[in-house]
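# A structural walkthrough
Residue-level listing of the chains:
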2 protein chains.
Amino acid sequence: MKNAPDLSAQIAKSIRDAIVSGDLPVDERLPSEAELSEQFDVSRSTVREALKRLAAQSLIRTQRGATGGAFVNRLTFQDAYGQQITTSALLLSMNEVDFVTACEARFALERACAPLSAQRRTADHLATMRAEITRQSQPGLSDESFCASDVAFHRALVDGAGNPVLSYQLAGAVEAIEPLMNMITFTARSRDHIVAMHTRIADALEASDAEIVDKLLAELADYTAELGQSVASASAK
Amino acid sequence: MKNAPDLSAQIAKSIRDAIVSGDLPVDERLPSEAELSEQFDVSRSTVREALKRLAAQSLIRTQRGATGGAFVNRLTFQDAYGQQITTSALLLSMNEVDFVTACEARFALERACAPLSAQRRTADHLATMRAEITRQSQPGLSDESFCASDVAFHRALVDGAGNPVLSYQLAGAVEAIEPLMNMITFTARSRDHIVAMHTRIADALEASDAEIVDKLLAELADYTAELGQSVASASAK
DNA sequence: GACAATTAAATGTCTGACAAATGAAAAATG
DNA sequence: CATTTTTCATTTGTCAGACATTTAATTGTC
């Protein structure tokens with residue numbers, strides 16, 4: 001049972017390793033496709049397939065023209081966010097992760113940010129949170145918009161920690177859960193309750209009271225899990 | 001300044017959207033390359049480049065032969081781990097994330113797992129942690145091996161929470177920091193200290209004492225940050 | 001029915017060609 | 001000489017067609 005991967009996969013791996021190891025620094029130009037095909041002794045199509053693999057991971061970017069070519073791409077947090085969110089969303093949907101598990105992960109991680117956010121959140125973060133609370137209070141809002149605003153609120157909380165690495169890690173957990181949340185029908189009463197909790201969380205962050213934020217997040221986690229479970233038991237009938 | 005992406009990128013996006021939206025379910029076979037090239041009205045090479053992009057993200061797998069083709073791949077947690085770790089490592093190295101920031105994120109996230117792990121860790125998790133502690137106590141161990149064992153120890157702690165979503169999110173934070181940790185030269189004294197802390201953490205987990213685990217992790221976070229900073233100030237000279 | 005050879009379908013790879021973009025050099029212009 | 005225009009070489013993007021390889025189903029043979 002031989003298991004030789006495709007040539008294009010091998011070549012992609014070879015170049016990827018060079019990038020990850022730092023052997024090919026950011027903005028370095030790779031040899032042209034023609035040169036690469038000579039170096040690896042394969043056709044240009046094979047090289048191109050390898051390069052497309054790397055491009056899909058945002059490891060390189062390509063430019064046409066005389067001074068063009070493939071360049072090692074600086075992976076931005078923005079790029080990474082996007083990838084993380086798609087991957088997380090697929091993980092949840094394809095592996096039938098139940099709502100409670102996803103919810104637990106999300107709030108556990110969010111609570112990890114809370115103390116830092118209580119300490120460092122700027123006026124901007126607070127303003128964003130207040131604005132989202134206002135949006136959430138609008139009567140005619142669709143469930144989807146309510147969820148989106150919920151995500152934006154929590155994003156602001158996470159970003160308030162002022163640690164881009166944390167924000168990146170949390171992006172997946174917070175945003176990937178949105179499709180699952182969208183399956184919940186929010187009653188007027190549950191919306192009121194959530195908005196009230198958000199307000200208290202924002203107040204506590206404004207007062208830099210990490211302990212209360214943590215307590216409120218724990219409460220909100222329980223409440224959200226309950227909402228999710230009532231949906232699950234209703235659809236199981 | 002027109003900004004039309006490549007055809008292969010467009011096609012990849014089209015198929016990716018179909019997968020993410022659930023329009024193409026797991027294990028569904030995509031049309032053959034020939035059929036796709038007809039549908040999208042492009043050449044087979046272009047279709048292939050699109051498929052390679054998707055393969056790079058583990059969204060599809062391909063099989064040769066009569067009943068072969070491209071199939072929608074179930075994204076496993078294992079696959080996602082790998083991608084997360086590479087991405088996180090690149091983010092840290094390419095954006096010159098300082099050790100303190102990375103360290104802060106890592107321990108904040110890890111502390112999020114601690115209460116759950118104290119409650120749910122199995123005997124297996126404890127055994128793994130004890131085994132790694134033993135390895136870390138070996139005198140002749142290289143710095144790299146010490147770091148690797150450190151990562152394994154913390155992985156076991158995180159996995160103890162029994163939430164695969166958490167484990168996935170944490171994989172990046174914990175493992176991507178390893179290269180940064182590798183730059184630290186661990187003195188015999190600092191190793192002893194870390195091993196002692198690990199032992200106390202394992203003890204607290206065995207006793208299901210979440211509070212003590214949290215306290216110890218906070219301490220370990222501070223200590224690790226100190227070690228990192230002393231390296232930074234030494235190399236700044 | 002069991003086994004072997006054939007066949008069909010699909011991906012993997014190669015070759016060669018042309019289109020399009022793009023910056024740099026060369027030429028024309030004032 | 002300075003500036004603008006033109007040409008040109010380089011490189012990626014796309015296409016068409018061919019052949020190799022793998023794999024399962026089909027067919028043929030005993």
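I will try to describe carefully the structure that is included in this document. As the structure is a prediction and not an experimental result, all values here were calculated from the model. (Residues numbered from 1 in each chain as written. Chains lettered and ligands numbered in written order. Predicted model: local features only at pLDDT ≥ 70, side-chain atom pairs only at ≥ 80, totals over all residues. Heavy atoms only, no water.)

## Brief notes about the pairing of strand 2 (residues 69–72) of chain A
All names here are of chain A. Put simply, the rule reads: Pairing between strands requires that DSSP locate at least two bridges from one strand to the other. Each helix is a run of H or I in the DSSP string that is no shorter than four residues. Each strand is a run of E no shorter than two, and both are numbered from the N terminus.
As paired strands, strand 1 (residues 60–63) and strand 2 are joined by 4 bridges and run antiparallel to one another. Of the residues in strand 2, the one forming a bridge with Ile-60 is Val-72. The antiparallel hairpin formed by strand 1 and strand 2 contains 5 residues in its connecting segment, where Gly-65 sits at a positive phi of about 100°.

## Some points on the packing of aromatic side chains
So the rule is basically this: Each aromatic pair joins two rings of Phe, Tyr and Trp (for Trp, the six-membered one) with centres within 6.5 Å, and gets the label stacked for planes under 30 degrees apart, edge-to-face for over 60, and tilted for any other angle. Charge over a ring is defined by NZ of Lys or CZ of Arg lying within 6 Å of the ring centre and within 35 degrees of the ring normal.
Applying the stated criterion across every chain yields a total of 0 aromatic pairs over all chains. Its end group placed over the ring of Tyr-81 of chain A, Arg-155 of chain A keeps NZ or CZ at 5.0 Å from the ring centre.

## Things to note about the pattern of salt bridges
Filter applied, for reference: Note on definitions: salt bridges are taken to be side-chain nitrogens of Lys or Arg within 4 Å of carboxyl oxygens of Asp or Glu.
With the rule as written, the count across this model stands at 30 salt bridges over all chains. Salt-bridge contacts for Asp-17 of chain A lead to Lys-13 of chain A; the nearest nitrogen and oxygen are separated by 2.8 Å. Residue Asp-17 of chain A and its partner Lys-13 of chain A are located together in helix 1 (residues 7–20), separated by 4 residues, close to a single helical turn. Note that Glu-175 of chain A and Arg-155 of chain A form a salt bridge whose closest N and O atoms lie 2.8 Å from each other. On the criterion of sequence distance, the pair formed by Glu-175 of chain A in helix 8 (residues 164–176) and Arg-155 of chain A in helix 7 (residues 143–159) is long-range, its members being 20 residues apart. The structure contains a network of salt bridges with shared partners spanning Glu-33, Arg-44 and Arg-48 of chain A together with Glu-49 of chain B.

## With respect to the protein's contact with DNA strand C
The condition that has to hold: By convention in this text, a residue qualifies as near a molecule or strand provided that one of its non-hydrogen atoms is within 4 Å of it. A 3.5 Å cut-off defines polar contacts: any pair of N or O atoms within that distance qualifies, except that in protein one atom must be a possible hydrogen donor and the other a possible acceptor, and neighbouring residues in sequence count only when both atoms are side-chain atoms. Under this grouping Gly is polar, as are all residues other than the nonpolar Ala, Val, Leu, Ile, Met, Phe, Trp, Tyr, Cys and Pro and the charged Asp, Glu, Lys and Arg.
As a structural note, the neighbourhood of DNA strand C is formed by 23 residues, with Leu-7, Ser-43 and Thr-46 of chain A together with Arg-44 and Arg-64 of chain B the closest of them. Among atoms of DNA strand C positioned within 4 Å of the protein, sugar and phosphate together represent 68%. Contacts to DNA strand C include Glu-33 of chain B, whose backbone N or O atom sits 3.1 Å from a phosphate oxygen. The set of elements that each furnish at least two residues to the surface near DNA strand C consists of helix 3 (44–56) of chain A together with helix 3 (44–56) and strand 1 (60–63) of chain B. For the surface near DNA strand C, a count of residues per class yields 4 nonpolar, 10 polar and 9 charged.

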